[in-house]
Amino acid sequence: MPEITIDMAPAAAMDEVSMVREILRLKEEMNAVILAHYYQDSIIQDIADIRGDSYELSRRAREVDADVIVFAGVHFMAETAKILNPGKTVLLPDLNAGCSLAESAPAHLFRRFRAMHPDHLAVTYINCTAEVKALSDIICTSSSAEAILEKIPAEIPILFSPDKNLGAYVRGKTGRQMLLWQGVCTVHEQFSEELIRELRAQHPEAEVIAHPECEGAVLRQADFIGSTSALLQYVVDRPATRFIVATEAGIMHQMQKRAPEKEFIAAPPNNGCACNVCDYMKVNTLEKLYLCMRDRTPEIVVPEDMRLRALRPIERMLEMAQGDEEAARRVLAEIPLPWKDAAIGMDL
Ligand code: 13P
Ligand code: SF4
C-alpha cells in the first residue's frame, strides 16, 4: 500500500479534551457510529460506541443504524465493514493502518495457491484484503474459526490462510486436513515461550492467556487461548487475580476496566522490544480520528464487483458461525469445487 500522508496542522493546536468534544459533536452531526478494536489507544476505545474483536465488529457493523461508520481499527476491518454496508460511508483515520498478515498474502499469490489445490475449500482468516476474500470460500475470525471448521466434513481438504499459527492451532483442535499459508502476525510471533515460563515461575498463581496467533510453543504455555473478546471475558469470569497476557497490549485497558481488582502482566516479547504493540493499529490517533470525521476522509472504497465477490464468503462466516448444522450444509452446498471451474472468468 503506498504511504499516505495526513496534514496534521489544523488539529495540532487543539488539546485532547477539545478534540474529544468535537468528535462527539461531529458524531451527532454526521449521524455516525464509532467502532473500535481492542488494540486501539485507550482514549479511542473509551469514546467508541462499539468495541470488539474482529468477529463482533463485523457482526455489529452490519447492524448499525447510522449514515457513517468511523472505523478505528486496521484497513481490512474497515474494508469488511464497507463490504457489508455498501450504502454507508466508512471512514478510517489513517489508510496506512495495515496488517502484517494481510500483507503476507497478495491476491496474485493466493490465487495461484488456490489453483494449485483446486479440490480444497479455502477458509481464510479475516485478516486479508478484499481481493483475497473474493478468492476465498469462507472467511473466519479467531473466535469463529473452530466452530466453522468443525462444521466442515472431515473428508474435505482445506486451505487455511494467511496465519499459520492460528491455522495450526485450529487444525490441532478440529483434526481437519489443512494446508497452511505461511503468514504470521509480527506482533504475536514475538512472544517468548522462555520468558513467559520465567515470568510464570515468579508468579506461580498467575494464569497465562494467549491469542491463537501466537506460536505453538507459546500456546502450549497458556491456560486459556482465545480471541481478544474471549480473553477479556475469561479474565472477568475467572477467580484468578493475576494474568500474564500474550496478545497486543491494548486489550489490557479493557481488562483493567472490566476487572479493576485484578493484575495484568504483559507477556514479554523475545528481545525486550515493545513488539507487543501493533504499530499498524497505533497509526490511528485521536487527532486522526478527529480529522477524518471533520474532513470526511479517508474513506474506504471497494469496487462493486469486488465487493460482491467478497461479500458472500463473509456472509458464509456469519451464517456458519451462528447457524446450526443445517445452515452449514446449505452454505457448503453452494460452494463450487473444484475451484478451477469456479475461477474461470475471474479477473483479479
Ligand atoms: P481478534 O479477532 O481476536 O480481534 O484478532 C484480530 C487481530 O488482528 C489480532 O491480531
Ligand atoms: Fe495484524 Fe498482528 Fe496487528 Fe492484528 S496485531 S492487526 S494480526 S499485525
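Quick note: structure is the one above.
Summarised in this report is the structure supplied together with it. Note that the structure is a prediction, hence the values are computed from the model and not measured.

A few words on the site of ligand 1. The local shell around ligand 1 consists of Asp53, Ser54, Tyr55, Asn127, Thr141, Ser142, Ser143, Cys185, His211, Glu213, Ser227 and Thr228. Split into classes, the residues belonging to the shell around ligand 1 amount to 2 nonpolar, 8 polar and 2 charged.

If you check the shell around ligand 2, you find 14 residues, and the closest are Cys99, Ser100, Cys185, Val187 and Cys278. Those elements that place two or more of their residues in the shell around ligand 2 are α6 (100-104) and α15 (279-282). When grouped by side-chain class, the residues that make up the shell around ligand 2 number 8 nonpolar, 4 polar and 2 charged.

The next subject is the environment of Lys282. The topology assignment puts Lys282 in helix α15. Take Lys282: there are 17 C-beta atoms within 10 Å of it, and that puts it in the partly exposed class. For the pair Lys282 and Cys128, spaced 154 residues apart in sequence, the C-alpha to C-alpha distance is 18 Å. The residues contacting Lys282, other than those within four sequence positions of it, are Asp41 and Val277.

Ordered in space as β2-β1-β3-β4, the 4 strands form an open sheet in which the pairing is parallel. Each edge of the open sheet carries a strand with a single partner, namely β2 (50-52) and β4 (89-91). Taking each pair of neighbouring strands and ignoring which way they run, the sheet shows an average axis angle of 20 degrees. Direction of pairing for strand β1 (residues 32-37) relative to β2: parallel, over a ladder of 3 bridges. Along β2, the bridge assignment pairs Leu35 with Ile50. Sheet strands in contact with helix α16 (residues 286-295) are β1, β3 (68-72) and β4, and its direction is about 160 degrees off that of β3.

Cut-offs and rules
Starting afresh in each chain, residues are numbered from 1 along the sequence in its written order. Here chains are named by letter from A upward and ligands by number from 1 upward, in the order in which they appear as written. Whole-chain, interface and lining totals are the exception, using all residues; otherwise, since this is a predicted model, local features are given only for residues with pLDDT of at least 70 and side-chain atom pairs are given and counted only at 80 or more. Should the C-beta atom of a residue, placed from the backbone, lie within 6 Å of a molecule or strand, that residue is near it. Ten residue types, Ala, Val, Leu, Ile, Met, Phe, Trp, Tyr, Cys and Pro, are classed as nonpolar, four, Asp, Glu, Lys and Arg, as charged, and the remainder, Gly among them, as polar. Strands here are runs of E lasting at least two residues and helices are runs of H or I lasting at least four, both read from the DSSP assignment and numbered beginning at the N terminus. Three exposure classes are used, based on other C-beta atoms lying within 10 Å of a residue's own C-beta, which is placed from the backbone: buried for 20 or more, exposed for 12 or fewer, and partly exposed in between. Here contacts are defined at the residue level, using C-beta atoms placed from the backbone and a cut-off of 7 Å between them. In this scheme, strands are said to pair when DSSP sees at least two bridges between them. Axis definition: a line fitted to C-alpha atoms, over the contacting stretch in the case of helices. Angles run 0 to 180 degrees between N-to-C directions.

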